[in-house]
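Okay, here's what each chain looks like letter by letter:
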Amino acid sequence: MKNNKKNEFKFVVTGVDLTEEQQEQVSRAIAQAGALALGHLAPHDAVGVRLNPKLRWYGRPIAGVVEELQEFAFSEAGIDR
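Residues numbered from 1 in each chain as written. Predicted model: local features only at pLDDT ≥ 70, side-chain atom pairs only at ≥ 80, totals over all residues. Heavy atoms only, no water.

**Things to note about the overall build of the chain**
Consideration 1: In terms of helices and strands, the chain carries 2 helices and 2 strands.
Consideration 2: Written out in order from the N terminus, the α and β elements of the chain read α-β-β-α.
Consideration 3: Against the compact-globule benchmark of 12 Å for 81 residues, the chain has a radius of gyration of 16 Å, which places it well outside the compact range.
Consideration 4: Out of the 81 residues belonging to the chain, those deemed buried represent 9%. (Helix = DSSP H or I, 4+ residues; strand = E, 2+ residues; numbered from the N terminus. Rg over C-alpha atoms; globule rule 2.2 N^0.38 Å. Buried < 20%, exposed > 50% of the residue type's maximum accessible area, 1.4 Å probe, protein only.)

**Re the confidence of the model for the chain**
Consideration 1: Per-residue pLDDT for the chain averages 89, and the proportion of residues at 70 or more is 96%.
Consideration 2: Mean pLDDT per element in the chain: strand 2 (residues 55-59) is the minimum at 90, and helix 2 (residues 65-77) is the maximum at 93. (pLDDT = per-residue confidence, 0-100.)

Okay, here's the thing in structure tokens:
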């Protein structure tokens, strides 16, 4: 059974001009803090995905994606399975 629960969080900054790189840094920091705060609540196979410089998704990927990513990582690292 698919779990469709969704929690959305927003962080607003005013009074300062941020470059695209700074927006990316803030977005990444917020996503990392959120993932860390979830700790034991998040699925063990949850992953974070950048959707745009200011938006990130964190959750369980579709079946097979993690295994494909592991195969890619082994190949990139030059490690035979």
